[in-house]
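As a plain string of letters, each chain reads:
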Amino acid sequence: MEIFNVKKIEYSGKDSRDLLSFKYYNPEEIILGKKMSEHLRFSVAFWHTFNADGTDMFGVGTMLRPWDKYTDPIDKAKKKIDALIEFTEKLGVEYFCFHDRDIAPEGRTLRETNRNLDIIVDYLKQRMKESNLKLLWGTANLFANPRFVHGAATSCNADVFAYAAAQVKKAIEITKELGGENYVFWGGREGYETLLNTDMELELDNLARFLSMAVDYAEKIGFKGQFLIEPKPMEPTKHQYDFDSAHVLAFLRKYGLERHFKLNIEANHATLAGHTFNHELRYARINGVLGSIDANQGDLFLGWDTDQFPTDMYSTTLAMYEILKNGGLTPGGINFDAKVRRASFELEDLFIAHIAGIDTFALGLKAAAKLIEEGIIDKFVEERYSSYKEGIGKKILEGKANFEELEEYIIDKEEITNKSGKQEYLETIVNQAIISIL
Ligand code: XUL
Ligand code: CO
């Protein structure tokens, strides 16, 4: 029986006014030699789409979903999976992501919880097979239950460390079982509220111990998926240890873990850290660790993780520019870690929001491809650094210069000439690329 009273979402072109259709996302269209669907490996986030009900700090849920009428927790969990299958089929999205606790209810002990999980994973596996739905990544929820009040791998309580380890062990197993192409570690409550009660050194060492146990276990069971760390600077803790790309990379290098992890960069986490999304993508890319993205956007005037659907074409253009320069994201993808607003409580809004996000990324892909084909920005940047192609600049790059030589070279020069950085000109080039697609 149909859950969503919505037809299959098709590409209808940019001039269409059909709300429930794609205006820019045409999966078969070839962009820079590859199908749009191969560039844009979209994924639906289980938690936001099938669990969130609009609850906020000031009020209860506003969204009554068809699966809410099932009272037995296992029946309800299965109905949500049916909803996931129908939703992704109708949307034409090939991937989804989930936390262990999103899909199955917790029991009184971990053993009981794992038993619930096994029932649902069997069902999910079967339904995924029938519909060709694939798992982009799995993860463990190490933050919602009160036991994680002081963190998980960085908790002051060794029992909690053990619990979290056992939980991640199981989460990696089910991710493998479902053919997951990646596994994500987002910090949850790995961070601190006050240094007055915190042994930061022990907590960070423990986080590294935890991750290295995860690497060992994945190797042991033959999980071939990519491990990803998702940086976030704050929320829920005041200071999250995985602050941003640069922090995570420095951490991984300190503990010799950098070979085993790439990054899952989330747009709203980047802006919380005081960076643009494309700054975080660039930093990860040039360090060879851009693995996957969580697509969403924050609000300019609110200081928290609002997880809105991405509708800012400028941001997706610059993001896709980095992703194209990265040679794509595979085996990563574009996961909509985004939720409809509390007041967008109708079932149809779930489709409208995902269509908006998909189209905004498709448009960004097309505009970014145009920028790369035109090569104006590339040429400008190359020219800007051309002083390093010959003479003293070339010597610096080749490691053949030292302080004494540089002093001798420059000491009697009367004038140094600089050229304009032409930011406004380059921003106009980006605007023109976007406008040409609209
Ligand atoms: C939290 C967040 C998480 C991770 C997965 O801000 O982004 O949903 O993506 O745990
Ligand atoms: Co996320």
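The structure this text deals with has already been given above.
Below: a short report on this structure. (Residues numbered from 1 in each chain as written. Chains lettered and ligands numbered in written order. Predicted model: local features only at pLDDT ≥ 70, side-chain atom pairs only at ≥ 80, totals over all residues. Heavy atoms only, no water.)

1. So, the overall build of the chain
Part 1 of the argument: Along the backbone of the chain there are 16 helices and 12 strands.
Part 2 of the argument: For the chain, whose C-alpha radius of gyration is 24 Å, the value lies close to the compact-globule estimate of 22 Å for 438 residues.
Part 3 of the argument: Taken along the three principal axes of its C-alpha coordinates, the chain extends 85 × 60 × 45 Å.
Part 4 of the argument: Looking at the 438 residues of the chain, the share that counts as buried comes to 50%.
Part 5 of the argument: Once local pairs closer than 6 in sequence are excluded, the contacts in the chain between residues at least 24 apart make up 76%.
Part 6 of the argument: Approximately 21900 Å² of the chain is accessible, and the part contributed by carbon and sulfur atoms is 53%.
Part 7 of the argument: Computed over 54 positive and 69 negative side-chain charges, the separation of the two mean positions in the chain equals 5 Å. (Helix = DSSP H or I, 4+ residues; strand = E, 2+ residues; numbered from the N terminus. Rg over C-alpha atoms; globule rule 2.2 N^0.38 Å. Buried < 20%, exposed > 50% of the residue type's maximum accessible area, 1.4 Å probe, protein only. Contact = heavy atoms within 4.5 Å. Areas by Shrake-Rupley, 256 points an atom, 1.4 Å probe, with all protein chains shown as cover. Lys, Arg positive; Asp, Glu negative; His and termini not counted. Charge placed at Lys NZ, Arg CZ, Asp CG, Glu CD.)

2. Concerning the pairing of strand β3 (residues 42–45)
Part 1 of the argument: Residues F42 and V44 of β3 are buried on one face, and the alternating residues S43 and A45, pointing to the opposite face, are buried as well.
Part 2 of the argument: Strand direction decides the pairing type here: β3 and strand β4 (residues 95–99), joined by three bridges, are parallel. Considered in β4, the bridge of V44 is made with F96. (Pairing = 2+ DSSP bridges.)

3. Structural notes on the coordination of the cobalt ion (ligand 2)
Part 1 of the argument: Here the cobalt ion (ligand 2) is held by the protein donor atoms E230 (OE), E266 (OE), D294 (OD) and D337 (OD), which lie 1.9 to 2.1 Å from it.
Part 2 of the argument: One chain supplies every donor to the cobalt ion (ligand 2), and in sequence these donors are spaced E-x35-E-x27-D-x42-D. Taken together, the positions of D294 in strand β11 (residues 290–294) and D337 in the loop between β12 (334–336) and α12 (347–374) put the pair 43 residues apart, joining distant regions of the chain. (Donors = N, O, S within 2.8 Å, 3.2 Å for Na, K, Ca; no water.)

4. Some points on the site of ligand 1
Part 1 of the argument: As a matter of local geometry, ligand 1 sits amid W47, H99, W137, W186, E230, K232, E266, H269, D294, D305 and D337.
Part 2 of the argument: At 3.0 Å from an oxygen atom of ligand 1 is found a side-chain nitrogen or oxygen belonging to D305.
Part 3 of the argument: For ligand 1, whose unbound accessible area comes to 290 Å², protein coverage reaches 93%.
Part 4 of the argument: Split into classes, the residues belonging to the shell around ligand 1 amount to three nonpolar, two polar and six charged. (Near = heavy atom within 4 Å. Polar contact = N/O pair within 3.5 Å; in protein donor to acceptor, adjacent residues only side chain to side chain. Nonpolar A, V, L, I, M, F, W, Y, C, P; charged D, E, K, R; others polar.)

5. So, the packing of aromatic side chains
Part 1 of the argument: Evaluated as defined, the whole model comprises 25 aromatic pairs.
Part 2 of the argument: Where Y25 meets F42, the ring centres are 5.5 Å apart and the plane angle is 75°; that geometry is what we call edge-to-face. Of this pair, Y25 sits in the segment before β1 (30–31) while F42 sits in strand β3, placing them 17 residues apart in sequence. Across the pair, F42 and Y25 agree in class, each one buried.
Part 3 of the argument: The structure contains a cluster of three or more aromatic residues connected by ring pairs, namely F4, F46, F50, W67, F87 and F351.
Part 4 of the argument: The cationic tip of K78 hangs over the ring face of Y123; the distance from NZ or CZ to the ring centre is 5.3 Å.
Part 5 of the argument: For the cation-ring pair, R147 lies above Y163, with the distance from its terminal atom to the ring centre recorded as 3.9 Å. (Phe/Tyr/Trp six-rings, centres within 6.5 Å; stacked < 30°, edge-to-face > 60°. Lys NZ or Arg CZ within 6 Å of the ring centre and 35° of its normal.)

6. Quick notes on helix α8 (residues 245–254)
Part 1 of the argument: What α8 keeps buried is the set S245, V248, L249, F251 and L252. Angular distribution of buried residues about the axis of α8 spans 160°; they occupy a single face of the element. (Arc of directions from axis to C-beta.)

7. Details of the pattern of salt bridges
Where side chains of opposite charge bring their charged atoms close, a pairing between them can arise.
Part 1 of the argument: Inspection of the entire model under this criterion finds 29 salt bridges.
Part 2 of the argument: The salt bridge partner of E374 is K370, with a shortest N-O separation of 4.0 Å. Placement of the pair is E374 and K370 together in helix α12, with a separation of four residues, close to one helical turn.
Part 3 of the argument: Using a relative accessible area of 37% as the deciding quantity, one classes E374 as partly exposed.
Part 4 of the argument: Residue class for K370 comes out partly exposed when judged on its relative accessible area of 28%.
Part 5 of the argument: The structure contains a network of salt bridges with shared partners spanning K79, D82, R127 and E130. (Salt bridge = Lys/Arg side-chain N within 4 Å of Asp/Glu carboxyl O.)

8. Some points on the packing of helix α3 (residues 73–91) against helix α5 (residues 110–131)
Axes are the key here: two packed helices are described by the angle between their axes and the distance separating the axes.
Part 1 of the argument: Following both chains from N to C, one finds α3 and α5 inclined at 25°, their axes separated by 10 Å at the closest point. Classified by the angle their axes make, α3 and α5 are roughly parallel. The two elements α3 and α5 meet at a crossing, and its hand is right-handed. Between α3, through I74, A77, K78, I81, D82, L84, I85 and E89, and α5, the contact on the second element is made entirely by N116, I119, I120, Y123, L124, R127, M128 and S131.
Part 2 of the argument: For the contact of α3 with α5, the class distribution of residues is 10 nonpolar, two polar and four charged. (Axes fitted to C-alpha atoms, helices over the stretch in contact; angles between N-to-C directions. Parallel < 35°, antiparallel > 145°, perpendicular 65-115°, else oblique. Left-handed = near helix turned anticlockwise from the far one by under 90°.)

9. Brief notes about the nonpolar core
Part 1 of the argument: Membership of the largest hydrophobic core comes to 115 residues, with the highest contact counts inside it found for F4, L91, F227 and F361.
Part 2 of the argument: For this core, the element with the highest residue contribution is α12, accounting for 13 residues.
Part 3 of the argument: In contact with F227, other than residues within four places in its own chain, are I172, Y183, F185, A214, V215, A218, H260, F261 and K262.
Part 4 of the argument: Formed by eight residues, the second largest nonpolar core is a distinct cluster that contains W47, L136, W137 and V184. (Core = buried A, V, L, I, M, F, W, Y, C linked by side-chain atoms within 4.5 Å.)

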